[in-house]
Amino acid sequence: MQPRERVITSLNHETPDRVPRDIGSLPVTGIHEEAYRNYLSKYYTKLLKEEEIEIEDTKQQLAKVHEKVLRQWKIDTRGVWAKPGSDWTFEIKEGKKHFKFTDEWGISWGKPKESGYYFDIRGNPLSGDIDKQDVLEYPWPNPKDKARIKGLKKRIKTLNKDRRYFITMTGLGPGIYEIAQWLRGYKDLWLDFLRDPELAHCLLEKVTELKLDFWEMALSEVGDLIDTVYMADDIGTQEDLQISLGTYRELVKPYQSKVFHFIKSRAPSKIYIFYHSDGAVKQAIPDLIDAGIDALNPVQVSAKGMDPAELKDNFGKEIIFWGGGPNPHGTLRKGSQDQVAREIRSRIDKLSPNGGWVFAPIHNIQPDVTAEKLQTTIDTMDKYGTYE
């Protein structure tokens, strides 16, 4: 099978020749620059000397994986990322203890100069005592700026001759709820849900409007060339949902559903909604399916209620599991190579039957994951991740 055919077969809950794989196509299936550099140092020294490592995601310091490595890993997906608007300039400033920048949403990010691996949020521009007028008058990014998709069609066609690969695409930020959290601040948004739901609705409606405008523009340009769109709203913790299921249904789900169904209705051909949420989200899965998602990521099996066998049994005919591989915060970091291999084999046994699974580690590969354990991941999938 060709890679795209393999992924689509699995997404249709049918059995391909082997389990399709994704590493590096999305902001939640990537690899940290340090881990990638260490891997190249051991297995691709010539490539490391000849080419620079490009940072695909500044905030998470994710590396853009070279095409040669993707092919060696037998990765079936390729990712394309929308660009920022033309009225924003990326600039990292150096402070005494941190590197800092402000994104096009006005959100401030910082990374420690010593032992810093990522950029974390340092400032929420809509936090504090605000009202609906502050939301409406905020200097929002222009979602219809053509600079966001400039050259994207040409890049996809160059990357994906003969539609060989399954193409994923990121859009205007992550998800609606997550952008609202970053702008307002987690605490303030949650307090709004309780004390001022009209303000929360106003903010979520505005972000939704921006999303719709962006995807209307993007789909008209490249909708026939992409296969899935990326959305990320972390609604889970290790133990439960961040907010009650009732609050989710009232304040978050309607906006997600509007965007998901809009994308599907405007796409010129079949398109899948890839949805990312960490944590214990099992009780929300029926609502997520109803909202329009097709693939759930990262399948964080260490969270409460997220047993992969139970998830497969309960939802395996309605949804695709995208992830569920070795845990970058657990076994991939702390376990032996043998433990990594055993964990992957266990996930293959539980998630692969009858398709419906795209293999990826449970979130991004962290800086201290060794080259040997990453190679063990690939080798184990090569040996056991087949249906023949």
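Structure report, in brief. (Residues numbered from 1 in each chain as written. Predicted model: local features only at pLDDT ≥ 70, side-chain atom pairs only at ≥ 80, totals over all residues. Heavy atoms only, no water.)

1. Observations regarding the layout of surface pockets
Here is step 1: For the second largest pocket, the calculated volume is near 220 Å³.
Here is step 2: Elements supplying a minimum of two residues to the lining of the second largest pocket: helix 4 (67-72), strand 3 (77-81) and helix 6 (152-159).
Here is step 3: Broken down by element, the lining of the second largest pocket gets its largest block of residues, three residues, from strand 3. (1 Å grid on protein atoms, 1.4 Å probe; cavity = no way out; pocket = protein on both sides within 12 Å on 5 of 7 lines; lining within 4 Å. Points joined across faces, edges and corners; volume = space filled by probe spheres on them. Helix = DSSP H or I, 4+ residues; strand = E, 2+ residues; numbered from the N terminus.)

2. A look at the sheet that holds strand 6 (residues 108-112)
Here is step 1: An order of 4-5-6-7 is seen for the four strands of this open sheet, with the pairing classed as antiparallel. Each of the sheet's edge strands pairs with one partner strand only, and the pair in question is strand 4 (93-94) and strand 7 (120-123). (Pairing = 2+ DSSP bridges.)

3. Digging into the pairing of strand 3
A regular strand places its side chains so that they alternate between the two faces of the sheet.
Here is step 1: Extensive coverage of strand 3 is indicated by the burial of five of its five residues.
Here is step 2: Of the two faces of strand 3, the one lined by T77, G79 and W81 and the one lined by R78 and V80 are each fully buried.
Here is step 3: The sheet contact formed by strand 3 and strand 8 (residues 166-170) spans five bridges and is parallel. Among the inter-strand pairings, G79 is bridged to a residue of strand 8, identified as T168. (Buried < 20%, exposed > 50% of the residue type's maximum accessible area, 1.4 Å probe, protein only.)

4. Some details on the pattern of salt bridges
Here is step 1: Enumeration according to the criterion identifies 28 salt bridges in this entry.
Here is step 2: With a closest N to O distance of 2.1 Å, R342 and D338 form a salt bridge. Remark: D338 and R342 occur in helix 15 (residues 337-351); sequence separation between them is four residues, near one turn of the helix.
Here is step 3: The class for R342 is partly exposed, based on a relative accessible area of 47%.
Here is step 4: The exposure class assigned to D338 is partly exposed, which follows from its relative accessible area of 47%.
Here is step 5: E343 is paired through a salt bridge with R347; the nearest N and O atoms lie 3.5 Å apart. A residue pair is termed a helical-turn pair when its members lie 3 or 4 positions apart in one helix, as E343 and R347 do in helix 15 at four residues. Of the two residues, E343 and R347, neither departs from the other in class, the shared state being buried.
Here is step 6: Three or more residues are tied together by salt bridges with common partners; here these are R6, D17, R18 and D76. (Salt bridge = Lys/Arg side-chain N within 4 Å of Asp/Glu carboxyl O.)

5. Quick notes on the environment of E104
Here is step 1: By secondary structure assignment, the location of E104 is in the loop between strand 5 (98-102) and strand 6.
Here is step 2: Residue E104 is classed as buried on the basis of its relative accessible area of 19%.
Here is step 3: Here the alpha-carbon distance between E104 and D17, two residues 87 residues apart in the chain, equals 43 Å.
Here is step 4: With near-sequence residues (within four places) excluded, E104 lies in contact with P84, G85, W88, P141, R148 and L172.
Here is step 5: For E104, the side chain forms a polar contact with the side chain of R148, separated by 2.9 Å. (Contact = heavy atoms within 4.5 Å. Polar contact = N/O pair within 3.5 Å; in protein donor to acceptor, adjacent residues only side chain to side chain.)

Functional significance is not addressed by these values, which are geometric in nature.
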